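Fold and contact review
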Amino acid sequence: EAQVTQNPRYLITVTGKKLTVTCSQNMNHEYMSWYRQDPGLGLRQIYYSMNVEVTDKGDVPEGYKVSRKEKRNFPLILESPSPNQTSLYFCASSLSLADYGYTFGSGTRLTVV
Amino acid sequence: DQQVKQNSPSLSVQEGRISILNCDYTNSMFDYFLWYKKYPAEGPTFLISISSIKDKNEDGRFTVFLNKSAKHLSLHIVPSQPGDSAVYFCAASGRMNAGNMLTFGGGTRLMVKP
């Protein structure tokens, strides 16, 4: 089944403790992206990647890092999480930069205390 | 300031009737618009899209209308079914958006009552 898989689904952590949220897709998509969803604000893009080793900042990149060493994986790294990063995170992929029909993962609900 | 707004946080409709979800945008550079549907505990799924060269696009029970002069788009669902109950996000993009970024509205929760 074609899908985007995120792990973990739920995570509670403390301020400053580094964490990684994994994202993997099995559709050979070139484009991958991370979004965060906050009440009333919709989804906002954090980082994106057009292909292996090609990443760039989205709308709200502060406090996050990403890497794209393999085509299928696009982990999101929070080096020093803070409470304002408490949010619902979604990884998405699409065939190419020109394809807006994203496939989203099921989401990771992160709470930073 | 949000460039894409969905002013109705929620909407309740009777089964079989029409659901109309609205979305307004402020940036005239947007040239491609989409609707996504989201069920609880799942990621959003792509529903329907429209390019700015069109004013209507239809797919089964779902029709999206675009009024460029008013910077307004709407999603019509006819007839509405209980399985349509979900949160609907409109999204927009344009050539000025680096990295294929979609700008999303805040979402509208649709409840279709049997």
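Structure shown above.
Here's what I pulled together on the structure shown here. Residue numbers here run from 1 along each chain, matching the order of that chain's written sequence. Naming scheme: in the order in which they are written, chains are lettered from A and ligands are numbered from 1. A pLDDT threshold of at least 70 governs which residues receive local features in this predicted model, and a stricter bar of 80 or more applies before side-chain atom pairs are shown or counted, although totals over entire chains, interfaces and linings include all residues. The basis for the side-chain values is all heavy atoms of the structure; hydrogens and waters are excluded.

1. Concerning the state of the cysteines
Residue and element names in this part refer to chain A. To keep things clear, this is the line we draw: Note on disulfides: each one is a pair of cysteine sulfur atoms within 2.5 Å. Only DSSP runs of H or I covering at least 4 residues are called helices, and only runs of E covering at least 2 are called strands; the numbering of each starts at the N terminus.
One pass over the structure, following the stated rule, counts two disulfides over all chains. Disulfide pairing is shown between Cys23 and Cys91; the S-S distance is 1.9 Å. Between Cys23 and Cys91, the S-S dihedral sits near -75°, and the bridge is therefore left-handed. Remark: Cys91 occurs in strand 9 (residues 87-94) and Cys23 occurs in strand 3 (residues 19-25); sequence separation between them is 68 residues.

2. Concerning a nonpolar patch on the surface
Residue and element names in this part refer to chain A. Note the cut-off: Two joining distances apply to patches: 9 Å for like charges and 5 Å for nonpolar side chains (Val, Leu, Ile, Met, Phe, Trp, Tyr), and every residue must have over 30% relative accessible area and no salt bridge. Areas reported here follow the Shrake-Rupley algorithm with a probe of radius 1.4 Å; residue values treat only the protein chains shown as occluding. For this document, the term salt bridge refers to a Lys or Arg side-chain nitrogen within 4 Å of an Asp or Glu carboxyl oxygen. Here's how the labels work: a residue is buried when its accessible area is under 20% of the maximum for its type, exposed when over 50%, partly exposed in between, all with a 1.4 Å probe on protein chains only.
A surface patch of nonpolar side chains, amounting to about 300 Å² of accessible area, comprises Ile12, Val14 and Val113. Within the secondary structure, Ile12 is located in strand 2 (residues 10-13). On the basis of relative accessible area, Ile12 is assigned to the exposed category, the value being 66%.

3. A short note on the nonpolar core
Put simply, the test is: Throughout this description, the term nonpolar core refers to a set of buried Ala, Val, Leu, Ile, Met, Phe, Trp, Tyr and Cys residues connected via side-chain atoms within 4.5 Å. The contact rule is simple, with two residues in contact once any of their heavy atoms fall within 4.5 Å.
B:Phe33, B:Trp35, B:Leu73, B:Leu75 and B:Tyr88 are the most contacted members of the largest nonpolar core, which totals 23 residues. Put simply, the parts of the chain that give this core at least two residues each are strand 3 (19-25), strand 4 (32-38), strand 5 (45-51), strand 7 (62-67), strand 8 (72-77), strand 9 (86-93) and strand 11 (108-113) of chain B. Residues in contact with B:Tyr88, not counting those within four places in the same chain, are B:Gln6, B:Leu21, B:Trp35, B:Tyr36, B:Lys37, B:Leu47, B:Leu75, B:Ile77, B:Gly107, B:Thr108 and B:Leu110. A:Val21, A:Val66, A:Phe74 and A:Leu78 belong to the second-largest nonpolar core, a separate cluster that totals 19 residues.

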